[in-house]
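Working through the structure, step by step
So you can see what is in the structure, the chains are spelled out below.
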Amino acid sequence: MNYMRTKTRGILTLLLAFVVHLSFAQEKTVTGTVTDQKNTPLPGVSVVILGTTQGTQTDFDGNYAINVNEGQTLRYSYIGQTTVDRLVGASNTISVVLEEDAEALEEVIVTGALGITREKKSLGYATQEVSGDQLTETRSTNALNALTGNVAGVQVSNSTGSLGGSSRILIRGASSITQENRPLIVVDGIPLDNSNYNATGTQTGGGGRDFGDAGFDINPDDIATMNVLKGGAAAALYGSRASNGVILITTKSGKNGVSEVVVNSGVTFDRVNILPKIQRLYGGGAGDATTIGQSGFGQATINGVTYDVADYGTDESWGPRYNPNSSVLHWDAFDPEFADDYLKPRPWVYPNTDKDDFFNTGITYNNGVAFSQGTEKSSIRMSLNNTQTKGIVPNTGLNKTSVNLNGNSQMTDRLKIDASVNLTITDGFNRPATGYTGEGVIQQLYQFGQTQLDYDRLKNYKTADGTQRTWNRVSAADGSIRYSDNPYWTLYENTAEDKRTRWFGNVGATYNITDDLYAVGKIYGDTYNFKINSHIAVGSQAQPFYTEIDRNFQEINYEGRLHFNKNVFNDKLSISAFAGMNRRDNEFSRITGETSGGLVVPGLYNLSNSADPAQVTEFDSRRRINSAFGEISLGYNNFLYLTLSGRNDWSSTLPAANNSFFYPGISTSFVFSSLMDAQWLSFGKLRLNYAEVGNDTDPYQLANTFAGGIPFLGTVPFDLSNSNRNPNIKPELVQDYEVGLELAFFKNRLSMDLSYYNKETSDLIIPIQIDPATGFTSSFTNAGRLRNNGFEALVNITPVRTEDFSWDFTWNFARNRSELLELIDGVETLEIARFPFNGVTLNAVVGEPYGIIRGTNFVFDDQGNKVVNSNGSYAETQNIENLGTILPDFNMGIRNSFKYKSLSFGFLIDIQQGGKYRSLTNIWGNYSGILEQTAANNVREEGLVLPGVTGTVTYDADGNYTVSNTATNTQVIPAQQAGTDYFFGNDAQNVFDADYIKLREITLAYKLPSKWLEGIGDVTITAFGRNLGVWGLDNENFDPEVATGGSGNIQGSEGGSLPSTKSYGLNVQLKF
Amino acid sequence: MKNKYILILLAIFATSLYSCDDGLEDININPNQPEVVPTSNIFTYATKRYTDFSRDSFNSGRLTLPWLQYWGQTAYADEDRFLYRETTAQNIYDNTYLVATNLKAILDQNTNEDTRGNAAAYGNNDNQIAASRVMLSLMFYELTNFFGDVPYYSYGSENETFQGLAVNETSLPVFAAQVDIYADILKELRESADMINTNEPVFISGDNIFGGDAVKWKKFANSLILRVANNLRAVDAGTANAAIDAAIADGVMTSNDDNAAQTYDTADDNASPMWRAHITRTDFAVAAPFVDLLKGDTGNYGEDPRLFEFAAPITATIGEVKDGTYTRSEDYDDYLGIPYAFRNTNFLDRNTYSFMSSKILSPDYKEVLMEYAEVQFIISEHEGFAQENYENGVGASMERWGVAAADITAFVSALPTANQENVLNQKYVALYMQAHTAYADYRRTGFPNTLVLPGETVTLPARQVAGLPPDNRVTTYVFESGPVDPSLTELPFRLRYPQVLQTLNGANRSAAAAKLSNGDVITSKLFWDVN
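Below: a short report on this structure. Remember, predicted model here, so these are calculated numbers, not experimental data.

Digging into the sheet that holds strand β7 (residues 96–98) of chain A
Residues and elements named next belong to chain A. As summarised here, the arrangement of the 3 strands in space is β4-β1-β7, forming an open sheet in which the pairing is mixed. Here the strands that pair on one side only, and so sit at the sheet edges, are β4 (63–68) and β7. Between one strand axis and the next, the sheet turns by 35° as a mean value, whatever way the strands run. One ladder, built from 6 bridges, connects strand β1 (residues 28–36) with β4; its direction is antiparallel. In the sheet register, V30 faces β4, and the bridge partner there is I66.

Rendered as structure tokens:
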């Protein structure tokens, strides 16, 4: 399978060879000394050539030396001191005196809504910025995943093993019950679609492939900063989609006076992190669940010889105990063309290569180059990046290539134009199937199967004529497939491919009408084609099949704004205001083709190769939102700020009577440290804001319609949709207030940012689940109120800062509490999703946090003992009960960064406390006798006694119970009964805490001394690791994060997720 | 100059943005799905969808087909021990209403004065209404027989407890009393039969049960009255007899030509539900108690040649059954049933039990809703187990399955005399592949009396014993029901309400559960089950 395109890598190598031969303008060495006001030399002062990343630091005596061109500017900066810029002239010596600056933090400029830069001190809302360098430190191929543990209040979970799989991002909890809860991603003003096209089955663990999120298309190396706007006040200007927060990405651009080439080349290795532990004492076969005794081998007489044979037809591991003295015919002893194995009995022992050996070391190659140049009037940047990943599952891979070009030019004194264009091609090959499906890797390995299988032997998965050889034969005599394909057949014959070709970019112009007034016009475009095809080969257990899904997405935003900025009253009062309009047009289409009744010609994967007529379905959708918005900000004397904003949307998805909705915002900032004269307090600010954000719904939710099916006996069957639509839907409304405190002490050696917020969503647009006896399974309605409130803290400490050594410590913490305050009358629970098997559901329950797992529970007596039935199994409640929420109590991240001369070292610890998930692998791995616990403590020979009490359980008509006559349970039951009870028994036994402590990132970087690299530039070598350690798990067989099957609201179901991975790698960065 | 230019541009931009505001609603017109479609196309969907779910591998294959011991599972026979899946109960419940709401859409389009004219293009309005009411009656009858009280919809009654399919009035429908539902179904069927205009087609196309034949729909309506009324016999003989007499007078099925069956297509996507279940899996075989009855090993009916139509010889592989290529055998020794609910079926040699026949495992197998034989058995029971109707019933069943005329005559003439046991046991044989109906009969009468009951010891045939692994060779086993309810000594009397109703319609479900004899458990008997 030659999916790895080596071509791109070749081109990069050529480019690299080319650029190292570039030489630059005349350089000279400038030296000098940096001191403070008292003439004390300052060690560790950063000296940077402005507009570049080249620079140095002063030594212990405050001296420095740097190679620089005449005409460039040197910037001298040191925490707690004012920053000084000096133009390099004819002189070769520049000495500088830095002054103490108590207001250093006030200088911070951040990018706010609509890309408008603001002084951070003037902002009345919380925002947290992560630099591109920090995001790319550990070379995560998905920039959004790098937010994990880094930003307070942002919860990112992703299943790392699933090859570019989905990430769930929640900012300050879920504000909608069934609608989108993902934040809006904006790249240079372009709202970037982050759709996830995973089937419901993939999300619930029912089975499917995880194709990841469209947000994966951003090249992390192009990111200059990523800014998280958490609250409504910050986000309101982006309209309804921003009600879940905004992730604002600013890409790198060319800098004035600098020509720069940056080359990154790296490699990352992925290893499986946590796998379910399997028993190594008993082999495959059916056991006898009614007895403690062991099962034996079957017999088959072939050519007059009677052999012991394994029970191939049962995909379980309750078979005979391993015994090197027993010899049996294994599954591969029946094909004459494999003469070495044919009718050769082999010992019944645990295999040399087992399930754990099935997984490869994944490898990711990451190569990128970026060119940038800036002049006084214009700048340009172009980058090219390629990432190739070979997955941990055999024969899977992902290849992503992205090109970014952006530039701007000051055409005249008044007119500035800018444009950017990005092309990203994401090529997935055979993303592994997850969940409860015959194609699912985990289902084949850990949910059902036989433990004696040798995975090296399974690799011989077909005969010369192409017939599949599976271990799961119907019988010794009959080699046809009972349930399970050979896993290697699945991976090499039943493959899937996906390709997303995406273009996004913008063009814009800014025109200064007067000195105070300017106009901005912008067009933002985002468009992609996403094609997925997959097939099932002739000879598989399932019917041969080919399907192709073709999706086209387009969003265009047209925007015009008029800005007014003026300072009045001797600059005491600053006014900054704008008004604008936006039109957003979305178009989406999907065409799905499927073969029917099998394939005619083996190996031909085309819809025309369908045995029965192929089926094609089509879906088209359009949406338009027109908006008018405006904002006015007043600042008084640089310490008191007030901002008022408002936006009105007209949405095509709402009924005409309700399609216009307005939402206002107000925020204030008070920099109280300006009024105080306290040496210890470097900065102090109080902020307060309130905002509303309206939200529309999806297209076509207003009228009931009939859907056509596959023509049947000459007639197209039509049926009503299962969801009752509503012509009177109103927009849903988020009301959000926030208070925050920003403090910095001791010349900013200690700083903190604290926030408290309360967010309430009302008139939620919900396809509320109703009794199907109404004729519909759900009905669209405005109902309910959902509240999220929480606390966030971000603390930065610099305990040590000397000439050669510094230590920075960052702690972030977020605790979100959600509560569903009401639904509609008479309905206390709304089902969000149904997990596979046993009626376990994910729900929104009135009075409870969002995302409650519901299912049957253990029966407990008054003392809290589990009650055991008369057959020795745990009793199960008649009613379903709340078994916990999927949302954590809190998340926190602890980052430590150390710098010693050119060496830097850092690590990030990510902690989650609370939250639950349900594991299907736990059910079937116990049911089928694969998991270690099914054979631990000799339970298969001796049986076991479940801890608990026996007793009489009496139920009333409502299914409530009382327990009487309790006595300690002493009933011995067979291990297989205990194992199968994970399926037959209550649901609570398969629900686990999602706590974890992870060593999320560890980095070690070394910048080569410049004397080694005369004339080349900077070379930085970074070694890194991700997810190297995990502790504190409730069930050691699973990483709780793998219960992420998509980026939508369906979470908390482990249904056969791929294991998480730990990664380590190396990256080299060259700068010229 | 330049300023002005820019301002003009902005003004044009602004105007263009808002001049199109009126078009917003047009953008939201669904290009994928229409709001009105021909009623005949809805009817095509409804009848197929009903048998698709009702007769599929879970709702029939892992429920009543094994419980009545027609079939057994070849592995993982948990449902055979009454550990049916929660999703099965929910599936039956949900889908009944979801199909019913489509039938109601047909009723609405044919009733509403605004749409009645358009709907008439697809068939006589009254006839469309009647056929839809008949289908609704059949479906609600099966639903209420599984659960007891359920939310109910009636086209012709104003009863305030009938609150099903009324999403715009309530999302919390009360559960109508089963006794009221029975009465209303009888009324609905009576009115349907009476309103059919036999001179006009029911649907001009898309009717895959009777091809639009109004006469057959009328007979079907009357015949269904027999089924429903007969099930009331033990609790309300007066109502039952009156309804049956009226139905017979109006005309019930008179031959196999009148049988009501959903037709299927030969393409896999539109094939019969059991064919679809067997495209990639082999989970079922014919169960031993049923095979033993047909072989004459149990009961007193002798060797029944329908065995060769119902099942394949043990030598036939599932591939041969699906391809229809196995060699037909008329030797009763070539047939063995799979031991029912044997915990160790996986140990059995796979050539020691019979799969179903190719006749059943075929893509265009017709799912029978009701047949002439059943009508005759009911009339026999109605007449105090009349010999003639009993013989007609057996004969019609054999004819329907393709038994040679001479063999029919021989078997029928050797039948033991009609009495409750013989009539109902033979009716059970005739209801093969219509296990929901047989399940109701079993609960009402206790027949067939040839089933293995929980706690009973079963002796395995020597051929099956010999195929077991030496370490696990047993000659007998005990039929243990699953631990759902250790007190179970015979078949469950009902299904539990879907758990999700505790959430979605809690108060009404609780009220219905409270009216059950033991609460919402499988051992609570329904009102007509008094044997």
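What about the pattern of salt bridges?
Residue and element names in this part refer to chain A. Summed over all chains, the structure comprises 76 salt bridges over all chains. K462 is the partner of E493 in a salt bridge, and the nearest nitrogen-oxygen pair spans 3.0 Å. One end of the pair, E493, is in helix α7 (residues 487–493); the other, K462, is in the loop between α6 (455–458) and α7, and 31 residues separate them in sequence. Judged by relative accessible area, E493 falls into the buried class, the value being 17%. For K462, a relative accessible area of 33% gives the class partly exposed. A network of salt bridges, in which partner residues are shared, links K120, R172, K230, K685, R687, E738, E742, D753 and E792.

Section: a nonpolar patch on the surface
Together, Y900, L903, F905, L1004, Y1006 and W1012 of chain A line one region of the surface with nonpolar side chains, adding up to about 570 Å² of accessible area. Along the polypeptide, F905 of chain A turns up in strand β51 (residues 903–913).

A word on the nonpolar core
Judged by nonpolar contacts, the single largest core of 196 residues is most densely connected at I177 of chain A together with Y70, W71, W217, F220 and Y432 of chain B. At 13 residues, helix α7 (residues 125–147) of chain B tops the list of elements feeding residues into this core. If sequence neighbours within four positions are ignored, F220 of chain B has contacts with V134, L138, F210, M253, A260, L369 and M370 of chain B. With 39 residues, the next largest nonpolar core counts F334, I392, W471 and W489 of chain A among its residues.

Regarding the packing of α7 of chain B against helix α8 (residues 178–195) of chain B
When two helices pack together, their arrangement is given by the angle between the helix axes and the distance between those axes. Residue and element names in this part refer to chain B. Close contact between α7 and α8 brings their axes to 9 Å; oriented N to C, the two are set at 155°. On the basis of their axis angle, the class for α7 and α8 is roughly antiparallel. In this structure, α7 crosses over α8, and the sense of that crossing is left-handed. Contacts between α7 and α8 involve D126, N127, I129, A130, R133, V134, S137, F140, Y141, T144 and N145 from the first element and Q178, I181, Y182, I185, E188, L189, E191, S192 and M195 from the second. In the contact of α7 with α8, the residues fall into 10 nonpolar, 6 polar and 4 charged.

Here we look at the interface of chain A and chain B
Facing the 106 residues of chain A at the interface are 95 residues of chain B. The junction of chain A with chain B conceals about 8,400 Å² of combined surface from both sides, 57% of it contributed by carbon and sulfur atoms. Of all residues in chain A, Y700, F706 and F712 of chain A bury the most surface against chain B, accounting for 9% of the area lost on that side. The interface formed by chain A and chain B includes 0 salt bridges.

Let's talk about unusual backbone geometry
In this model, F447 of chain B is joined to P448 of chain B through a cis peptide bond whose omega is 10°. Positive phi is not limited to glycine here, since L343 of chain A has a value of about 55°. Tracing the backbone shows L343 of chain A in the loop between β21 (323–328) and β22 (346–348). Phi is positive for K747 of chain A, close to 50°, though the residue is something other than glycine. Along the chain, K747 of chain A falls in the loop between β39 (732–745) and β40 (750–762). Using a relative accessible area of 44% as the deciding quantity, one classes K747 of chain A as partly exposed.

Focus on the packing of aromatic side chains
Taken as a whole and judged by the stated rule, the model has 86 aromatic pairs over all chains. Centroid distance F905 of chain A to F907 of chain A: 6.1 Å. Interplanar angle 50°. Geometry classified as tilted. Consider the rings of Y340 of chain B and F479 of chain B, whose centres lie 5.4 Å apart with planes at 85°: the pair is edge-to-face. Within this pair, whereas Y340 of chain B is found in the loop between α14 (318–323) and β4 (367–370), its partner F479 of chain B is found in the loop between β6 (476–478) and α21 (500–504), the two being separated by 139 residues in sequence. Of the two residues, Y340 of chain B and F479 of chain B, neither departs from the other in class, the shared state being buried. The structure contains a cluster of three or more aromatic residues connected by ring pairs, namely Y436, F448, Y483, F837, W924, Y927, F983 and F984 of chain A together with Y76 of chain B. Over the ring of F712 of chain A we find K48 of chain B; its NZ or CZ atom is 5.2 Å from the centre of that ring. Its end group placed over the ring of Y439 of chain B, R443 of chain B keeps NZ or CZ at 3.8 Å from the ring centre.

Scoring rules and cut-offs
- Residues numbered from 1 in each chain as written.
- Chains lettered and ligands numbered in written order.
- Predicted model: local features only at pLDDT ≥ 70, side-chain atom pairs only at ≥ 80, totals over all residues.
- Heavy atoms only, no water.
- Pairing = 2+ DSSP bridges.
- Helix = DSSP H or I, 4+ residues; strand = E, 2+ residues; numbered from the N terminus.
- Axes fitted to C-alpha atoms, helices over the stretch in contact; angles between N-to-C directions.
- Salt bridge = Lys/Arg side-chain N within 4 Å of Asp/Glu carboxyl O.
- Buried < 20%, exposed > 50% of the residue type's maximum accessible area, 1.4 Å probe, protein only.
- Patch = residues over 30% accessible without salt bridge, like charges linked within 9 Å, V, L, I, M, F, W, Y side chains within 5 Å.
- Areas by Shrake-Rupley, 256 points an atom, 1.4 Å probe, with all protein chains shown as cover.
- Core = buried A, V, L, I, M, F, W, Y, C linked by side-chain atoms within 4.5 Å.
- Contact = heavy atoms within 4.5 Å.
- Parallel < 35°, antiparallel > 145°, perpendicular 65-115°, else oblique.
- Left-handed = near helix turned anticlockwise from the far one by under 90°.
- Nonpolar A, V, L, I, M, F, W, Y, C, P; charged D, E, K, R; others polar.
- Buried area = accessible area lost by both parts, 1.4 Å probe.
- Phe/Tyr/Trp six-rings, centres within 6.5 Å; stacked < 30°, edge-to-face > 60°.
- Lys NZ or Arg CZ within 6 Å of the ring centre and 35° of its normal.

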